[in-house]
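Next come the chains, spelled out residue by residue.
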Amino acid sequence: MSRLIWSARIYDGLRKEYLSKPLDEPVYPERPPNDEIKYRILENFDEGRLTTVTYAKRSNGTENISAGDSESLVDALIFPLNQDNSYTEVFLACYRFFLPASELLTSLIEWYNVELDSTTATPQQESYFKQRGRKLFRGRAAKVLLTWIKNHWHDFHVDKDLLDELNEFVGDLGEMSFGDSQRMTQAIREQRLSWYMTQYIPPFSARRAPAAESAKPWGILWEPYQFAAQLTLIDHHFFRQIRPDTYLCLLQKSVDSKCIAGDDAVKVLMDYVGWFRLISSYTASIIYKEDTIKKRTKAIKKFIKIAKECHDLNNFNTCFALIHGLKRKIVTKMASAWDGLSVKYIDSFKELELLMDPSNGYANFWTELKSCGTPLIPFFAAYIHDLLEIHETEPVYTQDMAPTSTVDSDGFRLASTDEEDDSAAKEINFTKFYNLYSIVAEIEVWRSYSYNSVIPEAASSANDSKGDTSAVLLNHMKDWKVVEDSILDL
C-alpha cells in the first residue's frame, strides 16, 4: 500500500509537469512497411483442437490450454472452429507477455485469407473448403479480431502502424465480405469515440461551491451517510474507468519516467490510486487542523462513522482509505483525542483496521468479501498484491519451471540461462496467464455493477448537472488545502 501511495505522489508531480508543456507529436514504434498480401496455406485439414498445445484439467472439471509455443497458441484462437470465446479472452488480455501485437494481427489476417494446399488436399476437401470451409475460417478469424478491437483497443490506440495495418485490412474486406467490413468499421468508430471521451472529456463537471463554503471541512459537517454515499459514487466512477487489460499491460511493460505522465493506461490507474491518497490526506488534515482535543475527538469519531457507512455500502476501497488516513502518524500521536472516544467507536475502528491488515495476502479482506453482495467496490491494493505475486513467482516459459533453475534470495525462481533464446520456439506457461486473467475477470465483475439502485441520488445526479453533488465534493476535496505528507507522516 505504501508503494502505491508513493507512486501516486510521484505521478501527480509528473502529470502536472506534463500538462504544463506544449503537446508534441506522438512517437510511435517504427515498423518496416509490408505491402504483401498476407494469407495462410492450410496443410492440415482438421477442424478439431490442436495437438501442438498441451491441455490440463482444472479444478472445475474443464480442460484448458496449459502450454504451447507462441505460434501454436495463436492457432488455438482458430481451432477448434466451434470453440467459445473463453480462451480468446484470456489470450488477448495476456499475449503481450510473449508476442508482439504486429505478429498477432498478421496471423489473424493470414487466417482470414486462408487457402487450401491443393497439392495435398483431396478433391472432397477442396470442394468442402470452397463451399463451407473458407467461410468458417473467416468467421472465426473475424470474431477474434472483433473481440480484440472491442475489448483491447489500447493496443491500436498506442501503435499507429498497427492501427494503419488494421484499417488497411478492413478497407480490403469490402471486396471479400461486406458484413465483416461493416462490423469492424463500426467497432473501430465506437472505440475511437469511447477513448476520446475517456481521455479528453472530464469525468466530473467543474462545478464548485462558493469559495467561503468550500473552505469549510465538509467531512465533519455533512451527515456520515451523505458523505459516504457521495464518496462511493466518486470511487465507483474512478474504478469503472480502469479497463481490464490495463493491469496486465502495466505488468508486462515498464513505463519510461519521461513518458509515464502521458501514458493513457497509467493515467486511469494512477488517478484511482491518487483518489485513495486524496481521501487519506483529506481525512488526516481535517483532524490535524482542529485546534482543540475535544474537536479532534469529534472529528475522529465522524470519520470512523463515515468509514463504517462506506463498509456497509460495500465500498471497501474508500473505507480503507479513510482508515489509512486515521492511521497517519500525525493522527495516531493524538493520544488524548483517541482517549476521548467511547469503546463503541474504538471497537469499530479496530474491526475495520483488521480488515485491511496485509497479513497473509490480505486474508481478512478476502474472507469478508465472500459474504458480501453487490454492488461492491473492492480493496484495490489487495488485487494488485495478488497480480504481482503471480507475475513475480510464475515464469512465462515452461523451461524456466525446471527443478534445476536457481532461486534468488527473495525466493523467486530465476530464468533459465540456456543459450537458446528464441522465444517463438519456447513453450509458454499459459497456466500463468489463466491465473492472472482470473483475477482481472473478478475485478471486471465488480466493475460491471451500478450503485443506482443502492444510492438513490446516483441516478438523478448522473442526469442533472445542477445536482452533481459528487463533482462538487470531489472539487472541494481537491481544492481543500491538505497538509503535506511530510507533516502527516512525521
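Worth saying up front: this structure is predicted, and the values here are computed from it rather than measured.

Trainee: Residue-level account of the overall build of the chain, with values.
Mentor: Looking only at helices and strands, the chain features 24 helices and five strands. Going through the 490 residues of the chain one by one, you find that 48% of them count as buried. Long-range contacts, defined as pairs at least 24 residues apart, comprise 77% of the intrachain contacts of the chain with a sequence gap of at least 6.

Trainee: Talk me through the pattern of salt bridges; I want residue IDs and the actual numbers.
Mentor: This structure, assessed with the given rule, holds 13 salt bridges. Here Asp489 and Arg328 are joined by a salt bridge, their closest N and O atoms 2.8 Å apart. Residue Asp489 is located in the segment after α24 (485-488), and its partner Arg328 is located in the loop between α15 (316-326) and α16 (329-332); the two are separated by 161 residues in the primary sequence. Put simply, Glu444 and Arg447 hold a salt bridge, and the shortest N to O gap is 2.7 Å. Of this pair, Glu444 and Arg447 both sit in helix α21 (residues 430-447), three residues apart, roughly one helical turn.

Trainee: I'd like to hear about the nonpolar core, residue by residue, with values.
Mentor: Within the largest apolar cluster, 144 residues are counted, with the highest numbers of intra-cluster contacts made by Phe91, Phe98, Leu104, Trp148, Leu166 and Trp275. No other element matches helix α13 (residues 264-289), which puts 13 residues into this core. When neighbours within four sequence positions are excluded, Leu166 is seen to be in contact with Leu105, Leu145, Ile149, Trp153, Phe156 and Ile188.

Trainee: Go over unusual backbone geometry, please, and point to the residues and values.
Mentor: Here Phe79 and Pro80 are connected by a cis peptide whose omega angle stands at -10°. Relative to the elements of secondary structure, Pro80 occurs in the loop between α2 (70-75) and α3 (86-94). Of the consecutive residues Thr374 and Pro375, the connecting peptide bond is found in the cis state with omega at 0°. Even without glycine at this site, Asn360 takes up a positive phi of about 55°. Along the chain, the position of Asn360 falls in helix α19 (residues 359-369). The backbone phi angle of Tyr362 is positive, close to 60°, even though this residue is not glycine. By secondary structure assignment, the location of Tyr362 is in helix α19.

Trainee: Help me get a handle on the packing of aromatic side chains, residues and values and all.
Mentor: Applying the stated criterion to the full structure yields 36 aromatic pairs. Ring geometry for Trp218 and Trp222: centres 5.3 Å apart, planes at 20°, overall stacked. In this pair, the class of Trp218 matches that of Trp222, namely buried. Sitting above the plane of the Trp480 ring, Lys289 keeps its charged end 4.3 Å from the centroid. Over the ring of Tyr397 we find Lys426, and its NZ or CZ is 4.9 Å from the ring centre.

Trainee: So, a nonpolar patch on the surface: which residues are in play, and what are the values?
Mentor: Residues Leu193, Tyr196 and Met197 make up a contiguous nonpolar surface patch of about 320 Å² in total accessible area. The residue Tyr196 is located in helix α8 (residues 178-200) in this model. Of the residues examined, Tyr196 reaches a relative accessible area of 46% and is grouped as partly exposed.

About the cut-offs
Residues numbered from 1 in each chain as written. Predicted model: local features only at pLDDT ≥ 70, side-chain atom pairs only at ≥ 80, totals over all residues. Heavy atoms only, no water. Helix = DSSP H or I, 4+ residues; strand = E, 2+ residues; numbered from the N terminus. Buried < 20%, exposed > 50% of the residue type's maximum accessible area, 1.4 Å probe, protein only. Contact = heavy atoms within 4.5 Å. Salt bridge = Lys/Arg side-chain N within 4 Å of Asp/Glu carboxyl O. Core = buried A, V, L, I, M, F, W, Y, C linked by side-chain atoms within 4.5 Å. Phe/Tyr/Trp six-rings, centres within 6.5 Å; stacked < 30°, edge-to-face > 60°. Lys NZ or Arg CZ within 6 Å of the ring centre and 35° of its normal. Patch = residues over 30% accessible without salt bridge, like charges linked within 9 Å, V, L, I, M, F, W, Y side chains within 5 Å. Areas by Shrake-Rupley, 256 points an atom, 1.4 Å probe, with all protein chains shown as cover.

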